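# What the coordinates show
Listed below, chain by chain, are the residues.
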Amino acid sequence: MVRMEDLSEPEVIGLTSFPTPSYEGSPWAGGPPLSQRRVAIVSTAGLQRLGDETFTRESGDYRVIPKELAASDIYMSHLSTNFDRTGFQQDVNIAFPIDRLKELAEEGVIGSVADFHYSFMGAIAPEQMEPSARRLAGLLKDDGVDAVLLCPV
Amino acid sequence: MLIAALALLEEEKGPVLEDFPEDALGPRAGAEAWVCRVPMSRPAEAASDPTGYLGGVLSEMNNLGVWYDLGKEKRGRTTVGVSGIEVEAAARFIVSFLGDAPVENPRPDLSVFDALKLALEDLRAYYFESAVSQPGNASAGQVAEWFWDETSAGKLFMALEPVLAGSDDKKLRFLAERMLIPRRQFHKMPEAGYQRYMASLGTRHLSSLDPKHT
């Protein structure tokens, strides 16, 4: 967990200058036990397959990362220069913990791993992602997903 | 950590906000500071003109190449290449912005902003992957300090800031302002660039920042 007291002052000022959205209510949805859930990853790390369209300042959409895609085919085109990429460079699971999810499925901790996972690029206003996020919810339902691991970067 | 996060799904009521008590380990106490054993160019000399920057960066890439290749082999992957531009060509493209006119966009299907941004990330990734492949278990912070303090590539990024900030292309100005140099490295920028950054954040806290800039 990154804490404000561990950041430089320009970083703190930059982060705290962002507006904080507010929401009406706080919906809560139940579901089956974790051991029966089908889990997908939704990242904001700007992940993509090599050859996919890279993320830009206008990219409110997402890229699809199939479950069996080799780590060597997963790239990052996030626009921000501020976050550390060395972890992702050494192990894709730092930003996209797909191997850990597969292990948890084998151990019976979760029910299964979704066939498809998704990445947005977080350096963009959330409102620009909303239409794509709503479409993505339908795709997740079609894949039988009932739990999403949000991996913000 | 994943199990702890997923277990929150079984809470009966929400929202749930839990702090995970373990932090990532930093450098071991008493451990020697990591030092890159690969000779770097001398940024002060490289800074004299665009040709100097290019020579410095290409020389460094040549010296780092063996570690980049070994790291790629060990991990079975590299994150360099998202720009679709060979990394040496990426370096030439970046350096050309310091000259009278940038070279032709090597990715004509992308805007100059997008091509340059991706080229910058590829060049930086080449250095970072080469550094973490060397013995010594360098931390992310140590690699970053090395890149920004000791390499011609880091100095090249710094030298680009005033050039892009003065561009007629508003996207390139935005790149200079927000996407070229990490906030953690702001204090190493020349005074004018630092002030541009802070003004862009709309801050009123300049007086509380690094004494160098107040």
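Residues numbered from 1 in each chain as written. Chains lettered and ligands numbered in written order. Predicted model: local features only at pLDDT ≥ 70, side-chain atom pairs only at ≥ 80, totals over all residues. Heavy atoms only, no water.

### A short note on the overall build of chain B
Going by this rule: Helix numbering and strand numbering both begin at the N terminus, where a helix is a DSSP run of H or I of at least 4 residues and a strand a DSSP run of E of at least 2. For each residue, the accessible area found with a 1.4 Å probe, counting protein chains only, is set against the maximum for its type, and the residue is called buried under 20%, exposed over 50%, and partly exposed in between. Here, residues are in contact when the closest pair of their heavy atoms is within 4.5 Å. Reported accessibility uses the Shrake-Rupley method at a 1.4 Å probe radius. Residues are deemed covered only where the shown protein chains occlude them.
In terms of helices and strands, chain B carries nine helices and zero strands. When the helices and strands of chain B are read in sequence order from the N terminus, they spell out α-α-α-α-α-α-α-α-α. Residues counted as buried form 47% of the 214 residues belonging to chain B. Long-range pairs, those at least 24 residues apart, make up 64% of the contacts in chain B between residues at least 6 apart in sequence. Just so you have it, chain B exposes about 11,100 Å², and 53% of that area is on carbon and sulfur atoms.

### A few points about the interface of chain B and chain A
The line we're drawing: By definition, the buried area sums, over both parts, the 1.4 Å-probe accessible area that each loses when the two are put together. Salt bridges, as used here, are contacts in which a Lys or Arg side-chain nitrogen is within 4 Å of a carboxyl oxygen on Asp or Glu.
With 53 residues of chain B in contact, the opposing surface of chain A contributes 52 residues. Contact with chain A buries surface across chain B, with L6, R77 and R183 of chain B losing the most and accounting together for 18% of the total. Taken together, chain B and chain A are joined by three salt bridges. Here R184 of chain B makes a salt bridge to E11 of chain A, at a shortest N to O gap of 3.2 Å. Mapped onto the side of chain B that touches chain A, the elements with two or more residues apiece are α1 (2–7), α5 (112–133), α8 (170–178) and α9 (191–200) of chain B.

### Digging into the pairing of strand β7 (residues 147–151) of chain A
Residues and elements named next belong to chain A. The line we're drawing: Here, any two strands with at least 2 DSSP bridges between them count as paired.
Side chains A147, L149 and C151 project from β7 onto a buried face, and the interleaved V148 and L150 project onto a face without burial. Where strand β1 (residues 38–43) lies against β7, five bridges are found, and the strand directions are parallel. Along β7, the bridge assignment pairs A40 with V148.

### Side note on the side chain of S167 of chain B
All names here are of chain B. With respect to the helices and strands, S167 occurs in the loop between α7 (152–165) and α8. Of the residues examined, S167 reaches a relative accessible area of 16% and is grouped as buried. For S167, the residues in contact, after removing those within four places along its chain, are L172 and R173.

### Comments concerning the packing of helix α3 (residues 50–75) of chain B against helix α4 (residues 87–96) of chain B
Residues and elements named next belong to chain B. Operational definition: Here the axes come from fitting lines to C-alpha atoms, over the contacting stretch only for helices, and the angles between their N-to-C directions go from 0 to 180 degrees. Roughly parallel means an angle under 35 degrees; roughly antiparallel means over 145; roughly perpendicular covers 65 to 115; every other angle is labelled oblique. Each crossing is labelled by how the near helix is turned from the far one, with a counterclockwise turn of less than a right angle marking it left-handed and a clockwise turn marking it right-handed.
Interaxial distance between α3 and α4 falls to 10 Å at its minimum, and their mutual angle equals 160 degrees. If you check the angle between α3 and α4, you find them roughly antiparallel. The element α3 and its partner α4 pack so that their crossing is right-handed. Together, P50, Y53, L54, V57, L58 and M61 of α3 and V87, E88, A91, R92 and V95 of α4 make up the contact between the two elements.

### Let's talk about the side chain of Q185 of chain B
All names here are of chain B. Quick reminder of the rule: Definition of a polar contact: a pair of N or O atoms within 3.5 Å, with one able to donate and the other able to accept a hydrogen when the atoms are protein atoms, and with sequence-neighbouring residues admitted only if both atoms are side-chain atoms.
With respect to the helices and strands, Q185 occurs in the loop between α8 and α9. You can call Q185 buried: its relative accessible area is 2%. A distance of 3.3 Å separates polar atoms of two side chains, one belonging to Q185 and the other to E145.

### Brief notes about the nonpolar core
Convention followed: For the purposes of this section, nonpolar cores are sets of buried Ala, Val, Leu, Ile, Met, Phe, Trp, Tyr and Cys residues that join through side-chain atoms within 4.5 Å.
Counting residues in hydrophobic clusters, the biggest one holds 65 residues, and the most contacted among them are L123, Y127 and W146 of chain B. Of all the elements in the fold, those that place two or more residues in this core are α3, α4, α5, α6 (140–150), α7, α8 and α9 of chain B. Residues L47 and F96 of chain A together with L2 and L6 of chain B belong to the second largest nonpolar core, which totals 24 residues.

### Points about the environment of S133 of chain B
Residue and element names in this part refer to chain B. Mapped onto the elements of the fold, S133 is located in helix α5. The buried category is assigned to S133, whose relative accessible area is 19%. Residues S133 and R75 lie 58 residues apart in sequence; the distance between their C-alpha atoms is 9.6 Å. Discounting residues that sit within four places of it in the chain, S133 has contacts with W67, G71 and R75. Here W67 takes part through its backbone oxygen, which lies 3.3 Å from a polar atom of the side chain of S133.

### Re the pattern of salt bridges
All names here are of chain A. For the structure shown, the criterion picks out 18 salt bridges over all chains. Between R38 and D143 there is a salt bridge whose closest N-O contact spans 3.1 Å. Here D143 lies in the loop between α4 (126–142) and β7 and R38 lies in strand β1, a separation of 105 residues in the sequence. Here R38 and D143 have matching classes, each one buried. Between R100 and E103 there is a salt bridge, with the nearest N and O atoms lying 3.0 Å from each other. Remark: E103 and R100 occur in helix α3 (residues 98–106); sequence separation between them is three residues, near one turn of the helix. Judged by its relative accessible area of 34%, E103 is partly exposed. Salt bridges sharing common partners tie together R38, K67, D115 and D143.

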